[in-house]
Amino acid sequence: AQKVTQAQTEISVVEKEDVTLDCVYETRDTTYYLFWYKQPPSGELVFLIRRNSFDEQNEISGRYSWNFQKSTSSFNFTITASQVVDSAVYFCALNVPGTASKLTFGTGTRLQVTL
Amino acid sequence: GAGVSQSPSNKVTEKGKDVELRCDPISGHTALYWYRQSLGQGLEFLIYFQGNSAPDKSGLPSDRFSAERTGGSVSTLTIQRTQQEDSAVYLCASSSRQGSYNEQFFGPGTRLTVL
């Protein structure tokens, strides 16, 4: 069985602070895919990133960066110099081949960025 | 349209009534997914379609829930004899093909309230 844990329920930061959202996953499979999605107040989930289990290179996209560490089964997400528009609920998700591509989601972390 | 659309956006019903929720995937997307987002429960997988067939119905919570897809496009999720615990946001997603690597594109959801 697969499981994703996002221990941080809610985080509040002041604009321009850096913030890291934690994600820990569990799976017995050696091949799997990890995702991050953003859910702004409008409600629509927006895809942010996908990584496969064989690629542990960290990735940076603008103010966003992701740290994938298989040794600790973590796939953390950092926002640098946060902005008010980053306020949303962020979900980490896991997908394992052979499970019909269904995503197993964490419970989400609500990020509130204030001025 | 460019994205996944769902209707209605909001549905309020009385306990015991049947409801139908509709999903229009992105044109050409062969894989379609239904998820449920409940307060405090996170996002849970309900059912998956590849074309018109549903190889994975494992997430349907009870036999009151059913779904169909016709013409490889529009899908309808039906909940019979609704209960208050069915209150949630029902999200639909589609992807260009089945496979763990492919990101899923989500619709805005249907908020169901059962009184």
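Residues numbered from 1 in each chain as written. Chains lettered and ligands numbered in written order. Predicted model: local features only at pLDDT ≥ 70, side-chain atom pairs only at ≥ 80, totals over all residues. Heavy atoms only, no water.

If you tally the helices and strands in chain B, you get zero helices and 11 strands. In chain B, the succession of helices and strands from N to C terminus is β-β-β-β-β-β-β-β-β-β-β. Against the 2.2 N^0.38 benchmark of 13 Å for 115 residues, chain B shows a C-alpha radius of gyration of 13 Å, consistent with a compact globule. Principal axes of the C-alpha set define a box for chain B whose edges measure 35 × 30 × 25 Å. Of all 115 residues assigned to chain B, the portion counted as buried reaches 50%. Of the contacts made within chain B by residues no fewer than 6 positions apart, 54% connect residues no fewer than 24 positions apart. Carbon together with sulfur atoms contributes 44% to the accessible area of chain B, which is approximately 5400 Å² in total. (Helix = DSSP H or I, 4+ residues; strand = E, 2+ residues; numbered from the N terminus. Rg over C-alpha atoms; globule rule 2.2 N^0.38 Å. Buried < 20%, exposed > 50% of the residue type's maximum accessible area, 1.4 Å probe, protein only. Contact = heavy atoms within 4.5 Å. Areas by Shrake-Rupley, 256 points an atom, 1.4 Å probe, with all protein chains shown as cover.)

Attention now moves to the pattern of salt bridges. In the structure shown here, the tally under the stated rule is seven salt bridges over all chains. Residue Glu-103 of chain B pairs with Arg-50 of chain A through a salt bridge whose shortest N-O separation is 2.4 Å. One end of the pair, Glu-103 of chain B, is in the loop between strand E9 (88-95) and strand E10 (105-106); the other, Arg-50 of chain A, is in strand E6 (residues 46-52), on a second chain. Each of Arg-51, Asp-55 and Glu-59 of chain A takes part in a single network of salt bridges with overlapping partners. (Salt bridge = Lys/Arg side-chain N within 4 Å of Asp/Glu carboxyl O.)

Here we take up the interface of chain B and chain A. Across the contact, 20 residues belong to chain B and 20 residues belong to chain A. Summing the contributions of chain B and of chain A, the shared interface buries around 1800 Å²; its carbon and sulfur component is 55%. In this structure, the connection of chain B to chain A is made through one salt bridge. Elements supplying a minimum of two residues to the side of chain B that touches chain A: strand E4 (31-38) and strand E5 (42-50) of chain B. No other element matches E5 of chain B, which puts four residues into the side of chain B that touches chain A. A breakdown of the residues in the side of chain B that touches chain A according to their chemical character gives nine nonpolar, nine polar and two charged. (Buried area = accessible area lost by both parts, 1.4 Å probe. Nonpolar A, V, L, I, M, F, W, Y, C, P; charged D, E, K, R; others polar.)

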